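# Secondary and tertiary structure notes
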Amino acid sequence: MKLPALLCRKEEPGSSDSEVESKDSDMKVLLNDISGEAREGEIMGVLGVSGSGKSTLIDALADRILKGSLKGSVTLNNEVLESKLLKVISAYVMQDDLLFPMLTVEETLMFSAEFRLPRSLSASKKKARVQAVIDQLGLRNVAKTVINDEGHRGVSGGKRRRVSIGTDRIHYPIVFFFFFKSGFWIGEFRSSS
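For the structure given in this document, a descriptive report is provided here. (Residues numbered from 1 in each chain as written. Predicted model: local features only at pLDDT ≥ 70, side-chain atom pairs only at ≥ 80, totals over all residues. Heavy atoms only, no water.)

So, about the packing of helix 3 (residues 105-116) against helix 4 (residues 123-136). It is the contact of helix 3 with helix 4, at a shortest axis distance of 9 Å, that shows an interaxial angle of 130°. The angle between helix 3 and helix 4 falls in the class oblique. Remark: the crossing between helix 3 and helix 4 carries right-handed chirality. Touching E106, L109, M110, A113 and E114 of helix 3 are A123, K126, K127, V130, Q131, V133 and I134, all from helix 4. Partitioned by chemical class, the residues of the contact of helix 3 with helix 4 number seven nonpolar, one polar and four charged. (Axes fitted to C-alpha atoms, helices over the stretch in contact; angles between N-to-C directions. Helix = DSSP H or I, 4+ residues; strand = E, 2+ residues; numbered from the N terminus. Parallel < 35°, antiparallel > 145°, perpendicular 65-115°, else oblique. Left-handed = near helix turned anticlockwise from the far one by under 90°. Contact = heavy atoms within 4.5 Å. Nonpolar A, V, L, I, M, F, W, Y, C, P; charged D, E, K, R; others polar.)

Right, let's get into the packing of aromatic side chains. Tallying each qualifying case throughout the model produces two aromatic pairs. With a centroid separation of 5.4 Å and 85° between ring planes, the pair formed by F100 and F111 is classed as edge-to-face. Highlighted residues: F100 in the loop between strand 7 (90-93) and helix 3 and F111 in helix 3, separated in sequence by eleven residues. Exposure remark for F111: the relative accessible area of 41% places this residue in the partly exposed category. Taken together, the ring pairs connect F100, F111 and F115 into an aromatic cluster. Sitting over the face of the ring of Y172, R129 holds its NZ or CZ atom 3.9 Å from the ring centroid. (Phe/Tyr/Trp six-rings, centres within 6.5 Å; stacked < 30°, edge-to-face > 60°. Buried < 20%, exposed > 50% of the residue type's maximum accessible area, 1.4 Å probe, protein only. Lys NZ or Arg CZ within 6 Å of the ring centre and 35° of its normal.)

This is the structure:
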């Protein structure tokens, strides 16, 4: 996968003058002349200080930025990656865990499976996929535990994060975009791959 060459965004009132201006006076260049490569089977991280463009880059790669703002292309196996295909083959885990607090871990993953897996897949195969993800992410001991939220006791923050990852991992994505929160150890994800 290759990265976009240029990313511009409409200038917001009061924005920093330190950003490079584009040819269009109401646009600011956020990322310029960048390239990179992610190989199959590798985990790639994007590191940087606050405000350095990490989220902008990930959002650009995951096609979560308005088309008019993005110049350049993202390729997969040397072919331009179309938006429709990217949505099918990828997963994007939000920075915040957005889960239904009243569902159990298993119910949450089953809910995701019903929406993300093909309708033609039998209920038993969907359930088997859910059980496999539970095992892969080390959630077996909390599978019947309610997610809950900050105000009520439920699964821990680390387990909530794993459930969020699981909801997007359920459909076998080949490209995975997500944000590590402070303290989330990459070994937890890698060992369950």
